[in-house]
Amino acid sequence: MKRFFSFFTIVSLSKRYLLLVATILMGATSYAYNFAVENEDGVTIYYNRIADTEVEVTFGTDERYSLPYPAIPYIGIVNLPSEVTYMYVTYKVTRIGDKAFEYNYDLESVVIPNSVTAIGLNAFHHCNNLKDVEIPNSVTDIGPQAFYYCQSLKSIRIPNSVTRIGFYAFSSSGLTSVEISSSLSVIETAVFSGCSLETVDIPSSVIQIKDRAFSNCHDLKAVSIPNSVASIGEEAFSECYALKAVEIPELVTTLGNRAFASCLSLESVKIPSSFTCTGQGTFYNCHNLTTIDLPNTIKEIGMSAFYNCYSLMNVNMPNSLIKIDDSAFYGAGLAEVTIPESITDLGIDVFRDCKNLVSVSLPNSLTSIAVGTFEGCSSLSSLEIPASVKIIGDYAFGLCANLASLEIPASVTSLGFRAFYGCTSLKHLYIPGSVTSIGANLFEENGLVNMDIPNSLTEISHSMFLGCKDLESVTIPSSITSIGPSAFYGCSNLTKITSMLVDPMPLSYKDEVWNGINFNEAILYVPFGTKEKYETTSGWTLFKNIVESYFATNLSSSIVNDKSVNGKCFDLSGRRLMILPAKGVYIEDGRKVMR
């Protein structure tokens, strides 16, 4: 059916002729419907022909596509007939068309006849006051967003005839209960997201739960997932705040990213024996999750998998595990952790802010302690670093305020930026000669009392001891060629500096290397015969007390087994020995000697 909208100029040429002239042609526009017929209740229903003898229910204006609401609305209760007669032709009503009742805010109830087999896209979209609709057993397909935002719709029965439900079909509706068709094999994306469902029984015909299928169902307390399910998608149950327990079916080997993220009440999860990977953020922000039992098949704990699970006290890590990704247990409540020998590297921030963590067992297979691994683990008091570790990354032990005992093995070659910042209980730490690279702010606001810098280093990094108020003594080896800005800034108790530099490098005053030191009390020990150099070299002239001492410099790296005494002897820190030790290693004439 066609209709033309035009402005016309009528010109009379003669009594016999009239000429109709179109001055502005607006174009041709199709109505959204082919015809309209009143039902038995006197309600006008609009139809489109979809076959010779079949029609679908549609809306009643051609302007429908340009408006966010229907120009001719359906109001109150609407009874749809199973067939309709128009112009002497009888049609079967087999479909509710796309957008047929969309934005009908005053629609309260719809009776759908058994002749209908499909409900189209957005069919009842935003029907806010729709309270009652019964889907007949004839329906096989429910289109995407069909009942989206039907906030007054509290209950629905999806008959077993339905084999497909489109994405977001019931999303953000007011559903508190639903009976799902046993003919469904897939629960599509976000079908029930944002509903008020309290319990859900997923039928055994379902093999896949797609992304966000039940996300944001804040009132969902229990869900039954059948053993037929082999796949659970991303955010499938995320933000189901009331959900307390879940059992993952045996066919599921991995979970979609954030599958159960922010399930704030979740206390227990049963992981199947077939499980291999958690996915990213799987249990992110599950505050009440207390324990997790990982099977011997698991290979990977994904990024942020247990992020901020601050009630999670225990987790077993089987030897099948080969990867723990970034932030996996960030902020978790873990008290003790044993990492299996199958792990060679840890992700960034894996145990960051685990404030209850007191005991950690690292495997001999571990090659590095990554960025932020134990940062903020304020209860961690001691840790044994295995001899396999070569790198300690940035922030690795930052803010471990109770860390009092730590030994860096001779395998370590690099210490990262702020690796030990804020370790206020760490009073003594030996840096082995294997370390050749250090990051800035390494010991910022640390509790160190003394430090002998190894001669394997060539620089004292920027702000290396910044704010170390407990630092009393430090030894600078002859290998140092540069001292970074603010290296000892704020070390107010530093009173003994032993410098083995024969030729001290100039230090810019604006770099504030020594800012905060009491130069009237601090004593700078320098090699014999170099005092004048220190007194005339910028940055060193600040010291009021410069004392020459005998130091052995440029030491041989080998140790000689020799009991003879032929020259001046020193301990390994360069202090002159008046009496030789009965046993041990000392320095004589530039070589290490063992007795």
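Residues numbered from 1 in each chain as written. Predicted model: local features only at pLDDT ≥ 70, side-chain atom pairs only at ≥ 80, totals over all residues. Heavy atoms only, no water.

Draft legend 1. Region of interest: the overall build of the chain. Counting its secondary structure elements, the chain contains 1 helix and 45 strands. Expressed as a percentage of the 595 residues in the chain, the buried residues total 49%. Put simply, 30% of the contacts in the chain that link residues at least 6 apart link residues at least 24 apart. Split by element, the accessible area of the chain, about 26500 Å² in all, is 49% carbon and sulfur. (Helix = DSSP H or I, 4+ residues; strand = E, 2+ residues; numbered from the N terminus. Buried < 20%, exposed > 50% of the residue type's maximum accessible area, 1.4 Å probe, protein only. Contact = heavy atoms within 4.5 Å. Areas by Shrake-Rupley, 256 points an atom, 1.4 Å probe, with all protein chains shown as cover.)

Draft legend 2. View of the sheet that holds strand β11 (residues 132–134). Within the open sheet, the 3 strands sit side by side as β6-β9-β11. Their pairing is parallel. Every other strand in the sheet has two partners, leaving β6 (76–79) and β11 as the edge strands with one partner each. On average, each strand axis in the sheet is inclined to that of its neighbour by 20 degrees, with strand direction left out of account. (Pairing = 2+ DSSP bridges. Axes fitted to C-alpha atoms, helices over the stretch in contact; angles between N-to-C directions.)

Draft legend 3. Expanded view of the side chain of E56. Along the chain, the position of E56 falls in strand β5 (residues 54–58). Among the polar contacts listed, one links the side chain of E56 to the side chain of R95, at a separation of 2.7 Å. (Polar contact = N/O pair within 3.5 Å; in protein donor to acceptor, adjacent residues only side chain to side chain.)

Draft legend 4. Quick peek at the environment of G281. Examined against the element boundaries, G281 turns out to sit in the loop between β22 (268–270) and β23 (291–292). Residues G281 and F260 lie 21 residues apart in sequence; the distance between their C-alpha atoms is 8.2 Å.

Draft legend 5. Here's a closer look at unusual backbone geometry. Positive phi is not limited to glycine here, since M87 has a value of about 55 degrees. Along the chain, M87 falls in the loop between β7 (83–86) and β8 (89–96). Residue M87 is classed as exposed on the basis of its relative accessible area, which comes to 59%. Not every positive phi belongs to a glycine, and Q145 is a case in point at roughly 55 degrees. Among the structural elements, Q145 can be located in the loop between β12 (141–142) and β13 (155–157). Residue classification places Q145 among the partly exposed positions, given a relative accessible area of 22%.

Draft legend 6. Geometry of the sheet that holds strand β35 (residues 450–452). Spatial ordering of the open sheet is given by β35-β37-β39-β40-β41, a layout of 5 strands whose pairing is parallel. Strand pairing shows two members of the sheet lacking a second neighbour, β35 and β41 (545–549), which therefore form its edges. Neighbour to neighbour, the strand axes of the sheet diverge by 15 degrees on average, direction disregarded. In this structure, strand β37 (residues 473–476) lies alongside strand β39 (residues 496–499), joined through 4 bridges in parallel fashion. What sits directly across from I476, in β39, is S499.

Draft legend 7. View of the pattern of salt bridges. Applying the stated criterion across every chain, the model contains 13 salt bridges. Among the salt bridges present, the one from R352 reaches D349, with a minimum N-O distance of 3.7 Å. Where salt bridges share partners, they join E56, R95 and D98 into one cluster. (Salt bridge = Lys/Arg side-chain N within 4 Å of Asp/Glu carboxyl O.)

Draft legend 8. Focus on the packing of aromatic side chains. Applying the stated criterion across every chain, the model contains 36 aromatic pairs. Ring geometry for Y284 and Y307: centres 4.8 Å apart, planes at 15 degrees, overall stacked. Placement of Y284 in the loop between β22 and β23 and of Y307 in the loop between β24 (300–301) and β25 (314–315) is noted, with a sequence separation of 23 residues between them. Sitting above the plane of the Y421 ring, R418 keeps its charged end 4.0 Å from the centroid. (Phe/Tyr/Trp six-rings, centres within 6.5 Å; stacked < 30°, edge-to-face > 60°. Lys NZ or Arg CZ within 6 Å of the ring centre and 35° of its normal.)

Draft legend 9. Quick look at the state of the cysteines. Taken as a whole and assessed by the stated rule, the structure comprises 0 disulfides. Of all cysteine sulfurs, the one in C263 lies closest to C286, which takes part in no disulfide; the gap is 5.1 Å. As a non-bridged cysteine, C400 has C423 as the owner of its nearest cysteine sulfur, 5.2 Å distant. On the accessibility criterion, C400 (0% relative accessible area) is buried. (Disulfide = S-S within 2.5 Å.)

Draft legend 10. Geometry of the side chain of D325. By the secondary structure assignment, D325 is in the loop between β26 (323–324) and β27 (336–338). A relative accessible area of 12% means that D325 is categorised as buried. Apart from the residues within four sequence positions on either side, D325 is in contact with E300, I301, G302, M303, G347 and V350.

Draft legend 11. Molecular detail of the environment of I75. Here I75 lies in the loop between β5 and β6. Separated by 29 residues in sequence, I75 and N104 have C-alpha atoms that sit 7.2 Å apart.

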